[in-house]
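Read off the chains here:
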Amino acid sequence: MIKLHESWRAPLQKEFDSPYMAALKEFLRQEREAEKLIYPKASDWFRALNATPLDKVKAVVLGQDPYHGDGQAHGLCFSVERNTRIPPSLVNIYKELDLDLHISPAPHGNLLAWAEEGVLLLNSVLTVEAGRPASHRGKGWEQFTDAIIKIVNEQSTPKVFILWGSYAQKKANFIDAAKHKILKSVHPSPLSAHNGFFGSRPFSKTNEFLTANKISPINWQVDR
């Protein structure tokens, strides 16, 4: 059931073979055996990696945990399935997109179009128990996704790392700022968006950096 693009398999093989991953697999097996509902579905656990091949990554957006409500999480950070209410943080992301690039908010919250443009929409933790936010933290996912960030950092082509909020900004320790562009701001949550997220222009700044490095810019239009 697990789907993972071939470009990630060899770089991540050491992680898949590691003791911490074996422990994580056992934890998830026990959770499912106990008939606990886990989001997203297993085939979407690596959706971010499957939708954005390693050699196609232009930018990375880091989230924290999957959404824990029914019909929301599908393996891309900040993104939800179509026909699901758009979460408040994504509403604010759409507002900034409109302010920055005059792209009107999409009528849905599915960001697969961004992933297919080369935006790696990576949560730090890739699973969660239904109705229990942060329930799968500290089980091994963070080590796995830190390895993903390091792999992207090691690529020769410059990338943009978009770090929203203090949790994501800690990951800057793994990123070579001399080679890549790091964009930091407060989180787009309604609790903080007015303290520096609005007006931060992450979308145009990303494209300016890519263009300056002779990389085609990202089409940030969601609904197309």
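Structural data are supplied above this passage.
Just so we're clear, the structure is a prediction, and the values are computed from it rather than from any experiment. (Residues numbered from 1 in each chain as written. Predicted model: local features only at pLDDT ≥ 70, side-chain atom pairs only at ≥ 80, totals over all residues. Heavy atoms only, no water.)

Draft legend 1. Molecular detail of the overall build of the chain. When you go through the chain residue by residue, the secondary structure sums to eight helices and six strands. Mapped in sequence order, the helices and strands of the chain form the string α-α-β-α-β-α-α-β-β-α-β-α-β-α. Projecting the C-alpha coordinates of the chain onto the three principal axes gives extents of approximately 50 × 40 × 30 Å. Of the contacts formed within the chain by residues at least 6 apart in sequence, a portion of 67% connects residues at least 24 apart. (Helix = DSSP H or I, 4+ residues; strand = E, 2+ residues; numbered from the N terminus. Contact = heavy atoms within 4.5 Å.)

Draft legend 2. Focus on the packing of aromatic side chains. Overall, the coordinates contain twelve aromatic pairs when judged by the stated rule. For the pair phenylalanine 78 and tryptophan 164, a centre-to-centre distance of 5.5 Å together with 75° between the ring planes defines the contact as edge-to-face. Within this pair, whereas phenylalanine 78 is found in the loop between strand E2 (59-63) and helix H4 (88-101), its partner tryptophan 164 is found in strand E5 (residues 160-164), the two being separated by 86 residues in sequence. As far as burial versus exposure is concerned, phenylalanine 78 and tryptophan 164 are alike and both buried. (Phe/Tyr/Trp six-rings, centres within 6.5 Å; stacked < 30°, edge-to-face > 60°. Buried < 20%, exposed > 50% of the residue type's maximum accessible area, 1.4 Å probe, protein only.)

Draft legend 3. Spotlight on helix H6 (residues 141-153). When the terminal C-alpha atoms of H6 are compared, their 18 Å separation across 13 residues agrees well with the 18 Å that a helix rising 1.5 Å per residue should span. Of all 13 residues that make up H6, eleven are buried, and the element is covered over most of its length. Of the positions making up H6, those classed as buried are Trp141, Glu142, Phe144, Thr145, Asp146, Ala147, Ile148, Ile149, Ile151, Val152 and Asn153. (Expected span 1.5 Å × (residues − 1).)

Draft legend 4. Geometry of the packing of helix H2 (residues 19-33) against H6. In contact at an axis separation of 9 Å, H2 and H6 are set at 130° when each is read in the N-to-C sense. Looking at the two axes, H2 sits oblique to H6. Between H2 and H6 lies a crossing of left-handed hand. Of the residues in H6, those in contact with Tyr20, Met21, Leu24 and Leu28 of H2 are Trp141, Gln143 and Phe144. (Axes fitted to C-alpha atoms, helices over the stretch in contact; angles between N-to-C directions. Parallel < 35°, antiparallel > 145°, perpendicular 65-115°, else oblique. Left-handed = near helix turned anticlockwise from the far one by under 90°.)

Draft legend 5. Quick look at the nonpolar core. Grouped together as the largest cluster of nonpolar side chains are 70 residues, with contacts concentrated most on Trp8, Trp114, Leu120 and Phe144. Ranked by residues supplied to this core, first place goes to H6 with six residues. Those residues in contact with tryptophan 114, other than ones at most four positions away along the chain, are Ile93, Leu97, Val119, Leu121, Phe203, Asn219, Trp220, Gln221 and Val222. (Core = buried A, V, L, I, M, F, W, Y, C linked by side-chain atoms within 4.5 Å.)

Draft legend 6. Broad picture of the pairing of strand E3 (residues 119-123). Counting buried positions over the five residues of E3 gives five, a clear majority of the element. What you see with E3 is no split at all: Val119, Leu121 and Asn123 on one side and Leu120 and Leu122 on the other are buried throughout. In this sheet, E3 lies alongside E2 in parallel orientation, the contact comprising five bridges. Bridge pairing in E3 places valine 60 opposite leucine 120. (Pairing = 2+ DSSP bridges.)

Draft legend 7. Spatial organisation of helix H8 (residues 202-212). For H8, the full list of buried residues reads Pro202, Phe203, Ser204, Thr206, Asn207, Phe209 and Leu210. Check the buried side of H8 and you find it contacts E2, H4, helix H5 (112-117), E5 and strand E6 (181-185). Backbone geometry just after H8 places lysine 214 at a positive phi near 60°.

Draft legend 8. Structural detail: the sheet that holds E5. The parallel open sheet is built from four strands, whose spatial order is E3-E2-E5-E6. Two strands bound the open sheet, and with one partner strand each, they are E3 and E6. The average undirected angle you get between the axes of adjacent strands in this sheet is 20°. Where E5 meets E6, five bridges bridge the pair, whose relative direction is parallel.

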